[in-house]
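Structural overview for review
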Amino acid sequence: MDRSHTIKLTLLLPLAILILFIINISLGSVSVPFDEVLNVLSGGEASKNSWTNIILNFRLPKATTAIAVGASLSISGLLMQTLFRNPLAGPFVLGISSGASLGVALLLLAGISITGSLVASGLTSWLVVSAASLGSGLVLLLVVIVSLRVRDSMTLLIIGLMFGSLTGAIVSILQFFSSGEEIQVYLFWTFGSLGGLNWDEITALLAIAGMGIMISFIMVKPLNALLLSENYARSMGINIKASRFWIIISTSLLAGSITAFCGPIAFIGIAMPHLTRLLFNTSNHKILIPAVAMSGVIVMLVCDIISQLPGSEHVLPINAITSLLGAPVVIWVILRRGSIKHSFSG
Amino acid sequence: MIEEDHNDIALSIRDLAVGYRTGKQDLVILKNINLDLKHGELVCFMGPNGVGKSTLLRTMAGVQNPLSGKVIIDHMDLSAISTAELSTKMSLVLTDGINAGNMTGRELVGLGRYPYLGWRVDFSNNDLQKIEESIALARVSAYADKKVHELSDGQLQKMMIARALCQDTPVMILDEPTAHLDLNNRVAIINLLKDLTRKTGKSILIATHELDLALQSADRLWLAGHHVPVLSGFPEDMVLNGAIDKVFELKGFDLRTGQLKKKSLGKKVSLQGSGYQLLWTKNALERNGYEISNESEYGIVVNASKNLSWEVKHKGNVVTNTLEELINYLNTQQF
């Protein structure tokens, strides 16, 4: 591994994450003195009970969620771009998030009478997670089946878009027959949110996303080989079908679980792989996977800081912030650092 | 590396039929194929477009199942060995587009070690040594640290050959490795491959349309034609016994003389001279429809002294300094 890569991966990015993590927790609608924040983070108690409570049960879970979201969506976007050999690929383009939306819509809009009774028992969020995972898994499965039949990735992208439209249409019909209250619950889910998860839910999210990340690390070899072509990868001893299956399982776990717990969060999945490839100037997934994960974490922590509008009581939808802030940054980097085309051609 | 042993057979094909299985019907494209690929041999596999070369190559590479018969590599039936095992016996250079622009040449060559690596993709010292050896053997060290997107087509193709070399397999198969390359690069690639068979003892099979290069470098030709079994033989034998003319249904090209058939316009000239000057003068005259004959009123003498000139002896003598002038002069004459 290149020395500059090692320094970035083991020193610069983790340091940036640590600093942003602390800033993220220090800021919010209630101002807590910085030394009190550090005190709580190092296991002590703040001088006010409410401050300890805010930090441990509100800000810390939200920052942790931001970390999980940044890493998971970035990795899944990278996996999809490599698997489908297409720079426009990402969880959203292929309809994975649309699938999750459909699952959640079916649960919240069509099945609210069943779930209504479960809200009290605290099972709703688990059902939302299951519905979203099933939805995204199903769409990905369809995408894979189609990908086995067609060789042209452009065709696949169009089919992914069609899945998106299809699920969008079904969601519209469900909304048409739903009450305003139900629609509002669903709408808030689609805005995306990093907050509102309790520690049990975060533990589950981290466990599922962690599995996805672990699988992605095991897939470094087939991912690198796939940069040449499927035929080349096969000739280098890669089992294409198994690799494709595990790459999709990993993406499904990552994108599916994040979408389930936090809603469909846009932009990160497509943009971070490009940004990372340009900054690290490499195609090697052994570097790219940790790099893209850490870069994603940094961007999500920054976006979260901005979305909570430090000093005000309002919190903007995270979905709006990621695109609003991220898109200009990516455009700037691409214009400055040269073409992204190099990663997608010989 | 494999011990050089020309009697040993690296890959053999027995009673093979290739094609596609659609429902109940088999679409047979080539059948009754019996071929041997010896260690250290450079074989050019040729045939007109659409004859099934790619189908046979795909079957040999295990991408596609044979309709009947078998491919035996290293004494094992191809259908009985795993993808992982096959990757240590056969390497490929394909025409597929690659997405590796951000890799360096050296990283690309390193991919060749993948059959021998675990999931962590850690190169051992032996792997690193093999990478350097392959880079040196394929003569790509000058640009091994460049990014792949910075390489020219010829450089990239040599890098892909280095990658295949790095895979350290007894058999290497290349699909049209010289397509889209200029003459220099085509010659360089063929020479490189020929050299590799001699230095490493590998068997190299090239599917190609470059008849001239194949005739001059291949140890053996495999010829696939419509409605004939795939033929195998010495290039020169296949020229002399007409196999090539038959397979390619050559029109207007006389392979035995290595010339395009020239249309004579009935205009005869006689020619005197020697060496390559004579050869090219003959070429220019014949290309322009003049027949070389001793019974002609027009006598041309090639003066290959310090200043090359041509003298036309007819009613008077005319001297020209270029062949273009000579032909232009002859064209104005009444024959």
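Remember, predicted model here, so these are calculated numbers, not experimental data. (Residues numbered from 1 in each chain as written. Chains lettered and ligands numbered in written order. Predicted model: local features only at pLDDT ≥ 70, side-chain atom pairs only at ≥ 80, totals over all residues. Heavy atoms only, no water.)

**Some points on the nonpolar core**
Note on soluble globular proteins: their nonpolar side chains tend to be buried together. As a reminder of what qualifies: Buried Ala, Val, Leu, Ile, Met, Phe, Trp, Tyr and Cys residues form a nonpolar core when they are joined through side-chain atoms within 4.5 Å. A 1.4 Å probe rolled over the protein chains alone gives each residue an accessible area, and that area as a share of the maximum for its type sets the label: buried under 20%, exposed over 50%, partly exposed in between. Where helices and strands are cited, they refer to DSSP runs of H or I of at least four residues and of E of at least two residues respectively, numbered from the N terminus. Any two residues whose heavy atoms approach within 4.5 Å at even a single point are treated as in contact.
Membership of the largest hydrophobic core comes to 182 residues, with the highest contact counts inside it found for B:Ile13, B:Leu108 and B:Trp222. The element that contributes the greatest number of residues to this core is helix H3 (residues 49-83) of chain A, accounting for 14 residues. When residues no more than four places from it in sequence are discounted, the contact partners of B:Leu108 are A:Leu228, B:Ile98, B:Ala100, B:Met103, B:Val148, B:Leu156, B:Met159, B:Met160 and B:Arg163. Counting 12 residues, the second largest nonpolar core, distinct from the first, contains B:Tyr298, B:Leu326, B:Ile327 and B:Leu330.

**Some remarks on the domain arrangement of chain B**
The extent of an interface is frequently quoted as the accessible surface area lost upon association of the parts. As a reminder, the rule being used: Domain delimitation in this document rests on an assignment produced automatically or drawn from a domain database.
With domains assigned, chain B is organised as domain 1 (9-254) and domain 2 (267-332). The gap between the C-alpha centroids of domain 1 of chain B and domain 2 of chain B is 46 Å.

**Let's talk about the UniProt feature "domain: ABC transporter" (unreviewed entry) in chain B**
Quick reminder of the rule: UniProt positions are given in the numbering used here, feature names are shortened, and annotations may be inferred rather than shown by experiment.
The sites that UniProt annotates as "domain: ABC transporter" (unreviewed entry) are residues 13-251 of chain B. In residues 13-251 of chain B, helix accounts for 34% and strand for 26%; the two terminal C-alpha atoms are 31 Å from one another.

**Overview of helix H12 (residues 240-262) of chain A**
One full turn of an α-helix is made of 3.6 residues, so residues set three or four places apart face in the same direction. Residue and element names in this part refer to chain A. Let me state the cut-off plainly: Here a helix's expected span is defined as the number of its residues, less one, multiplied by 1.5 Å.
Between its first and last C-alpha atoms H12 spans 32 Å; for 23 residues at 1.5 Å apiece the expected length is 33 Å, and the two agree. Of all the 23 residues making up H12, 17 are buried; the element is thus mostly covered by neighbouring parts of the structure. Trailing H12 by a residue or two, Gly263 shows a phi angle of about 85 degrees, which is positive.

**A word on the sheet that holds strand E10 (residues 228-233) of chain B**
Residues and elements named next belong to chain B. To keep things clear, this is the line we draw: Whether two strands pair depends on DSSP finding at least two bridges between them. To get an axis, fit a line to the C-alpha atoms, keeping to the stretch in contact for a helix; angles then go from 0 to 180 degrees between the N-to-C directions.
Sheet architecture is open: six strands sit in the order E6-E7-E8-E3-E9-E10, paired in mixed fashion. The open sheet has two edge strands with one neighbour each: strand E6 (90-93) and E10. For this sheet the average axis-to-axis angle between neighbouring strands, irrespective of direction, equals 15 degrees. Here strand E9 (residues 220-225) runs beside E10; their pairing, made up of four bridges, is antiparallel. The residue of E10 that forms the bridge with Gly225 is Val228. The sheet contacts of helix H1 (residues 53-60) involve strand E3 (42-46), E6, strand E7 (171-175), strand E8 (203-207) and E9, and relative to E3 the element is tilted by about 135 degrees. Along the sheet, helix H5 (residues 153-166) makes contact with E6 and E7, crossing E6 at roughly 170 degrees.

**With respect to the interface of chain A and chain B**
Basically, it comes down to this: Joining two parts hides part of their accessible area as seen by a 1.4 Å probe, and the buried area is that hidden amount summed over both. The term salt bridge refers to a side-chain nitrogen of Lys or Arg lying within 4 Å of a carboxyl oxygen of Asp or Glu. Polar contact criterion, stated in full: a pair of N or O atoms within 3.5 Å, where within protein one must be able to donate a hydrogen and the other to accept it, and residues adjacent in sequence count only if both atoms are side-chain atoms.
In this assembly, 28 residues from chain A lie in contact with 34 residues from chain B. Interface of chain A and chain B: buried area, both sides summed, is about 2800 Å²; carbon and sulfur atoms make up 54% of it. Where chain A packs against chain B, one counts one salt bridge. Where B:Asp122 meets A:Lys286, a salt bridge forms, and the shortest distance between an N and an O atom there is 2.5 Å. In this assembly, chain A and chain B are joined by 13 residue pairs in polar contact (both at pLDDT 80 or more). Secondary structure elements with two or more residues in the side of chain A that touches chain B: helix H9 (199-218), helix H10 (220-226) and helix H11 (230-235) of chain A.

**Observations regarding the UniProt feature "transmembrane region" (unreviewed entry) in chain A**
Residue and element names in this part refer to chain A. In the numbering adopted here, UniProt assigns the feature "transmembrane region" (unreviewed entry) to residues 63-80, 92-114, 126-148, 155-177, 206-225, 245-275, 287-309 and 315-335. Helix and strand shares over residues 63-80 are 100% and 0% respectively, and the end C-alpha atoms of the span are 26 Å apart. Between the C-alpha atoms that bound residues 287-309 there is a distance of 34 Å. The span itself is 91% helix and 0% strand.

**Regarding the side chain of B:Gln167**
For B:Gln167, the position within the fold is in the loop between H5 and E7. The class of B:Gln167 is buried, set by a relative accessible area of 0%. At 2.9 Å, the side chain of B:Gln167 and the backbone oxygen of B:Ser87 are in polar contact. Of note is the side chain of B:Gln167, whose polar atom sits 3.2 Å from the side chain of B:Arg163. Sequence-distant contacts of B:Gln167, that is, excluding residues within four places in its chain, are made with A:Ser235, A:Met236, B:Ser87, B:Met90, B:Ser91, B:Gly112, B:Arg113, B:Pro115 and B:Tyr116.

**Looking at the pattern of salt bridges**
Residues and elements named next belong to chain B. The full count for this structure, using the stated rule, is 18 salt bridges over all chains. For Arg106, the salt bridge identified is with Glu132, shortest N-O distance 2.8 Å. Taken together, the residues Arg106 in helix H3 (residues 105-110) and Glu132 in helix H4 (residues 125-137) connect sequence positions 26 residues apart. Here Arg106 ties to Asp145 by a salt bridge, and the two come within 2.5 Å at their closest N and O atoms.

**With respect to the packing of aromatic side chains**
Residue and element names in this part refer to chain A. Rules: Pairing of aromatic side chains here covers Phe, Tyr and the six-membered ring of Trp, requires ring centres within 6.5 Å, and sorts the geometry by plane angle: under 30 degrees stacked, over 60 edge-to-face, intermediate tilted.
A full pass over the atoms with the stated rule returns five aromatic pairs over all chains. With a centroid separation of 5.8 Å and an interplanar angle of 85 degrees, the aromatic rings of Phe188 and Phe191 are classed as edge-to-face. With a gap of three residues between them, Phe188 and Phe191 both fall in helix H8 (residues 180-191), about one helical turn apart. Classification of Phe188 as exposed rests on a relative accessible area of 53%. Ring geometry for Phe245 against Trp246: centres 5.3 Å apart, planes inclined by 80 degrees, an arrangement best described as edge-to-face.

**Quick word on H3(A)**
Residues and elements named next belong to chain A. What counts is decided by this rule: Bend at a residue means the angle formed by two fitted axes: the first through the 7 residues ending at that position, the second through the 7 residues beginning there.
The terminal C-alpha atoms of H3, which comprises 35 residues, lie 50 Å apart, in line with the 51 Å expected from a rise of 1.5 Å per residue. At Ile55, H3 is deflected by roughly 35 degrees, the largest bend along its length. By the criterion of burial, H3 is predominantly enclosed, with 27 of the 35 residues buried. In the stretch just after H3, Arg85 is the one whose phi turns positive, near 50 degrees.

**Section: the sheet that holds strand E1 (residues 9-22) of chain B**
Consider a sheet: its strands pair through backbone hydrogen bonds, and that pairing is either parallel or antiparallel. Residue and element names in this part refer to chain B. Strand order across the open sheet formed by four strands is E2-E1-E4-E5, with antiparallel pairing between neighbours. If you trace the sheet from one side to the other, it starts and ends with strand E2 (25-38) and strand E5 (76-77), each paired once. Sheet topology note: the strand E4 (residues 68-73)/E5 ladder contains two bridges and is antiparallel. Following the sheet pairing, Ile72 is matched in E5 by Asp77. Against the sheet, H1 engages E1, E2 and E4, with an angle of about 115 degrees to E1.

**Digging into the pairing of E9(B)**
Residues and elements named next belong to chain B. The element E9 is largely enclosed, with a buried count of six among its six residues. Burial of E9 is two-sided: the residues Arg220, Trp222 and Ala224 facing one way and the residues Leu221, Leu223 and Gly225 facing the other way are all buried. With antiparallel pairing between neighbouring strands as the criterion, E9 and E10 make up a hairpin whose turn holds two residues, including His227 at a positive phi of roughly 60 degrees.

**Structural notes on the packing of H4(B) against H5(B)**
All names here are of chain B. This is how the line gets drawn: Our angle categories are set so that under 35 degrees counts as roughly parallel, over 145 as roughly antiparallel, 65 to 115 as roughly perpendicular, and the remainder as oblique. The crossing is said to be left-handed when, going from far helix to near helix, the turn is anticlockwise and less than a right angle, and right-handed when the turn is clockwise. Each residue is assigned to one of three groups, with Ala, Val, Leu, Ile, Met, Phe, Trp, Tyr, Cys and Pro labelled nonpolar, Asp, Glu, Lys and Arg labelled charged, and all others, Gly among them, labelled polar.
The interhelical angle for the contact between H4 and H5, taken along N-to-C directions, is 135 degrees, at an axis separation of 8 Å. Between H4 and H5, the crossing angle belongs to the class labelled oblique. As H4 runs across H5, the sense of the crossing is right-handed. For the pair H4 and H5, the contacting residues are Lys130, Ile131, Ser134 and Leu137 in the first and Ala162, Leu165 and Cys166 in the second. Partitioned by chemical class, the residues of the contact of H4 with H5 number five nonpolar, one polar and one charged.

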